[in-house]
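Close look at the chain arrangement
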Amino acid sequence: MRLTDMLNFAWQVMRGYPGRTFLILLAMGIGVASVVAVTALGEGARLYVSNQFGSLGTNLVIVLPGRSETAGAMPGVLIGKTPRDLTLEDALALKSSRAVRYIAPLIVGAGDVRVGARRRETPVLGTTAEIATIRRMDVAQGRFLPEGDPRQSLPVCVIGTTVANELFGTRPVLGEWLRIGDRRFRIIGVMAKQGESLGFNTDEIVVVPLAAAQALFNTESLLRVLVEAKSREQIPNVKADVEEIIRLRHEGERDITVITQDAVIATFDRILRALTLAVAGIAAVSLAVAGILIMNVMLIAVTQRRREIGLLKALGATGRQIRLVFFTEAVLLAASGAAVGIAVGQLGRNIATHLYPMIPFQAPWWALVAAPVVALLTAVLFTVAPARRAALLDPVQALSRR
Amino acid sequence: MNITDFIRFTYDSLRAHRLRTVLTALGIAVGIAAVILLTSIGEGLHRFVIAEFTQFGTNLINVTPGRIQTHGASLGAVNTVRPLSIDDAIALKRAPHVQLADPLVQGNSDVKYFGKSRRVTLYGVGPDFAASLRMQVATGEFLPQEDPRSARAFAVLGSKVAREFFGAENPLGSRIRVGGERYRVIGVMQSKGQVLGFDLDDTVFIPVARALDMFNRESLQEIHVTYEPTAPVAEVEQGIKRILIARHGAEDFTVTPQQKMLEVFGTVLDAITFAVAAMGAISLVVGGVGILTILTIAVAERTSEIGLLRAVGATQQAILLLFLGEAVLLAAIGGAAGLLLGAGIAALLQLALPALPVHTPWSYAVMAEIVAVTVGLAAGVLPARRAARLDPLEALRSE
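Residues numbered from 1 in each chain as written. Chains lettered and ligands numbered in written order. Predicted model: local features only at pLDDT ≥ 70, side-chain atom pairs only at ≥ 80, totals over all residues. Heavy atoms only, no water.

In this section: the overall build of chain A. For chain A, the count of helices and strands is 13 helices and 12 strands. Since a compact globule built from 402 residues should have a radius of gyration of about 21 Å, the 33 Å found for chain A marks it as more spread out than a globular shape. Dimensions of chain A, computed from the C-alpha atoms along their principal axes, are close to 105 × 55 × 30 Å. In chain A, buried positions account for 51% of the 402 residues. Taking the contacts inside chain A whose residues are at least 6 apart along the sequence as the reference set, 79% of them involve residues at least 24 apart. Both charge centroids of chain A, one from 44 positive and one from 32 negative side chains, sit 13 Å from each other. (Helix = DSSP H or I, 4+ residues; strand = E, 2+ residues; numbered from the N terminus. Rg over C-alpha atoms; globule rule 2.2 N^0.38 Å. Buried < 20%, exposed > 50% of the residue type's maximum accessible area, 1.4 Å probe, protein only. Contact = heavy atoms within 4.5 Å. Lys, Arg positive; Asp, Glu negative; His and termini not counted. Charge placed at Lys NZ, Arg CZ, Asp CG, Glu CD.)

The next subject is the pairing of strand β3 (residues 118-127) of chain A. Residues and elements named next belong to chain A. Counting buried residues along β3, 8 of its 10 residues qualify, which places the element largely inside the surrounding structure. Linkage of strand β2 (residues 100-115) to β3, two consecutive antiparallel strands, is achieved through a turn of 2 residues, within which G116 is found at a positive phi near 60°. Two elements, β3 and strand β10 (residues 206-209), share 4 bridges in a ladder whose sense is parallel. Residue pairing for β10: T127 is matched across the bridge by P209. (Pairing = 2+ DSSP bridges.)

Of all residues in chain A, 94% have pLDDT values of 70 or greater, and the mean over the chain is 84. Confidence drops under a pLDDT of 50 for residues 70-77 of chain A, and excluding neighbours within four residues, the segment shows 22 contacts in the predicted structure. (pLDDT = per-residue confidence, 0-100.)

All names here are of chain A. Together, L347, I351, L355, Y356 and M358 make up an exposed nonpolar region whose accessible area comes to about 560 Å². On the secondary structure map, I351 appears in helix α11 (residues 319-355). A relative accessible area of 48% places I351 in the partly exposed class. (Patch = residues over 30% accessible without salt bridge, like charges linked within 9 Å, V, L, I, M, F, W, Y side chains within 5 Å. Areas by Shrake-Rupley, 256 points an atom, 1.4 Å probe, with all protein chains shown as cover. Salt bridge = Lys/Arg side-chain N within 4 Å of Asp/Glu carboxyl O.)

Once that is clear, we can look at helix α10 (residues 306-314) of chain A. Residues and elements named next belong to chain A. Buried within α10 we find I309, G310, L312 and K313. One side of α10 holds all its buried residues, which, seen down the axis, span an arc of 160°. If you follow the buried residues of α10, they end up packed against α1 (3-16), α9 (261-304), α11, α12 (365-391) and α13 (395-400). Within two residues after α10, G316 carries a phi angle of roughly 110°, on the positive side. (Arc of directions from axis to C-beta.)

The partner chain A presents 60 residues to the 60 residues of chain B that form the contact. Across the chain B to chain A interface the summed buried area is about 4,900 Å²; carbon plus sulfur atoms make up 67%. Ranking the residues of chain B by area buried against chain A places N79, V81 and R119 of chain B at the top, with a combined share of 14%. Here chain B is connected to chain A by 1 salt bridge. For R119 of chain B, the salt bridge goes to D255 of chain A, with nearest N and O atoms at 3.9 Å. Where chain B touches chain A, the interface holds 4 residue pairs in polar contact (both at pLDDT 80 or more). If you list the elements that add at least two residues to the side of chain B that touches chain A, you get α2 (18-54), β4 (98-113), β5 (116-125), β11 (198-199), α6 (208-215) and α8 (258-301) of chain B. In terms of residue count, α8 of chain B provides more of the side of chain B that touches chain A than any other element does, 16 residues in total. Counted by class, the side of chain B that touches chain A contains 22 nonpolar, 23 polar and 15 charged residues. (Buried area = accessible area lost by both parts, 1.4 Å probe. Polar contact = N/O pair within 3.5 Å; in protein donor to acceptor, adjacent residues only side chain to side chain. Nonpolar A, V, L, I, M, F, W, Y, C, P; charged D, E, K, R; others polar.)

To continue, consider a positive patch on the surface. Residue and element names in this part refer to chain B. On the surface, a cluster of positive charge is made up of R175, R177, R182 and R184. Elements that contribute at least two residues to the positive patch include exactly β8 (175-178) and β9 (181-189). When you line up the elements, R177 lands in strand β8. R177 gets classed as partly exposed once you look at its relative accessible area, which sits at 40%.

Domain annotation for chain A reports domain 1 (3-52 + 266-400) and domain 2 (84-254). Put simply, the middle of domain 1 of chain A and the middle of domain 2 of chain A, counted by C-alpha atoms, are 56 Å apart. (Domains from an automatic or database assignment.)

Quick look at the environment of A250 of chain B now. In this structure, A250 of chain B sits in the loop between α7 (233-248) and β14 (253-257). Separated by 168 residues in the primary sequence, A250 of chain B and R82 of chain B place their C-alpha atoms 9.8 Å from one another. Apart from the residues lying within four places of it in its own chain, the contact partners of A250 of chain B are R119 of chain A together with I245 of chain B.

Before going further, it helps to spend a moment on the pattern of salt bridges. Residue and element names in this part refer to chain B. By the definition in use, this model includes 31 salt bridges over all chains. Linking D110 and K112 is a salt bridge whose minimum nitrogen-to-oxygen distance equals 3.4 Å. According to the relative accessible area criterion, D110 is buried, its value standing at 11%. A salt bridge links R118 to E164, with the nearest nitrogen and oxygen atoms 3.9 Å apart. Of the two residues, R118 sits in strand β5 while E164 sits in helix α5 (residues 159-166), which places them 46 residues apart along the sequence. Residue classification places R118 among the buried positions, given a relative accessible area of 10%. With a relative accessible area of 41%, E164 lands in the partly exposed category. Overlapping salt bridges bring together E237, K241, E251 and K260 as one network.

Tracing the backbone through its elements, the reader meets T128 of chain A in the loop between β3 and α5 (131-134). Discounting chain neighbours no more than four positions away, the residues touching T128 of chain A are I103, A104, P105, F144, L145, P150 and L210 of chain A.

Moving on, we come to the environment of G239 of chain B. Residue and element names in this part refer to chain B. Residue position: G239 is located in helix α7. Residue classification places G239 among the buried residues on the basis of a relative accessible area of 1%. It is 41 Å that separates the C-alpha atoms of G239 and S40, two residues lying 199 residues apart in sequence. In this structure G239 touches A95 and P96, once residues within four positions along its chain are discounted.

What follows deals with unusual backbone geometry. For N218 of chain A, which is not glycine, the phi dihedral falls at a positive 50°. Within the secondary structure, N218 of chain A sits in the loop between α7 (210-217) and β11 (224-229). Assessed through its relative accessible area of 48%, N218 of chain A is described here as partly exposed. At F114 of chain B, a residue that is not glycine, the phi angle is positive and equals roughly 45°. Tracing the sequence through the fold places F114 of chain B in the loop between β4 and β5. Relative accessible area serves as the criterion here: at 73%, F114 of chain B is assigned to the exposed category.

Put into structure tokens, the structure is as follows:
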């Protein structure tokens, strides 16, 4: 039997029972489509998070005060205070490293912001002009914080769009005065809409010069220092330099934590990849169920087609050829089912992309390969038993029955 | 056709094709097992998180400075122009129904003892901290009841810190240096282990006023308030707000009852469990398609039998019920098997990975069975209708 004959034969069988074929295709299609759709969701989430981190700036190294002996993210390190502050002088000293391009010290706190009778609680960010370059913040109107000595406390501020709308409505904003706590600040700029980035909404913040924030919150201590390395290769050097510089300034004590952005991204990447794999595995269980269905239908087919198989054998078909006939049919069914499934999965992806344009839904290549391959493998695996049964039929007996 | 005949007929037709029945039921079983297993893990996780929180008590309210909430915590805990002071905490003790009000500030500091040095999480707390969070002291005592504004330099160690510094020695009465100041150790806490990423044993507790001085900071991070368990939460919340607004002139703080936090966690975890269960349910749908396929084939095979039944007087409705019954029975068998399979794997998982919380509530078992039967019914409708509508004459002739 030639290959074309084999395919033709299987095709005839599939066409002979359109209802049955349709239902098997449906089962396989659901399985493959769910795997494709689910991995597309997972991969989309992963890319989204990576992009979000990327928009925070590249080649970033973050310096936090405090250090923990125990491994893992210690909330104590992340928000707690330390006896020895990380100060502005420490941050400025980091510039002496040759691998460092920009630094931006940060103080964050809650401040109640007032204009006339309107008031609003917003996060207040104390920092220097370089943060705009590091974190890719754009200004929609006016300008960002002025360059100059960060020790000088200028009474100016830059506000997010939401803050501007809430406090001023449609009135012009630039040059107006704003009260934060018991201090006054002149608005010199409004930031461009950037939206949420990792839970921190830049549309809702007020940015003031670092020294002003120090006075406002009555603290010397920086929450963290963002450092941008000159290039990707320089990141380890920056890390080593930062630790050494601070150690020398803190009387030999290593009381800071240095996180590279790459490490953070890598962690998130790993977690989300593992999640995607796990969820894809769950969805793939449905492929096994579809495999069971194929086996069931094939077994029935062997009983129904006894005479046909008997005739084939009587005409000289070997057991191997009979097996091949059944495998061809199973592969054909699984392949068409997988094709339908991928098409439907991609359709779902398109709809999801339409609904949430920010998230880059894209089924990863491994899922697009793995889903059909798994479908084919289960189909072949579950056809072994029926095909064997068919091949072992005794032609005389098979033909002798009615 | 009476009920017993009906059941026997269905049972016989399933038994006649044993392999077919087993395979069809297996499809449903795999689906149900996946759903049961996933929801068990979800429910286990839910209980785990709730238990992690409620070990500190449920009649707890957190008061934090500032009103903007990010990442579930008030930003005011970091820096704020509207500080919460120790006096605020003392004033809150007078709020209605309030039992304890304990100030807290947290940080990271170096602790030294005889040349050994360790970075630990430092908690500046009041004397009621252990009582309000239901933490037990292993040896010695917790910080003594005295004016929190001028407390003496006593420290209580977490169990891990005590072990690292003192080994088998008795740490009570020893002097340690915390952030450059000397403290006398008066107690060691019982081991509490990791709670949601916090290692509560790698800690040192000192009086809150001294911690504020050490960190050069004026605002507390939060105030823990416990209230009488029988008191209505809303009333307690109102009382706290009234007192603080009178003291600050405005509502510049956030009051978060523990129960509200638990509810939020509960909804999030339920949503996740539901999403994962839905993913498992895809297999169930495929299993349903399996029943549909097999029954469609069965109707075609048994055309003459149906014709005979109709000829001897079975109504269309009876035929419909027969095939529906077969579908439901198939699904029910599959559902029961899947239930055993899922619960079995869940139990095995618990044996193999005791750290993974797994819990299979009985209500799920009932629900899974109902879902399986529903899937069977839905899948049976089309083939059953086709069987019922067969013309008896045509059907008999098909032989």
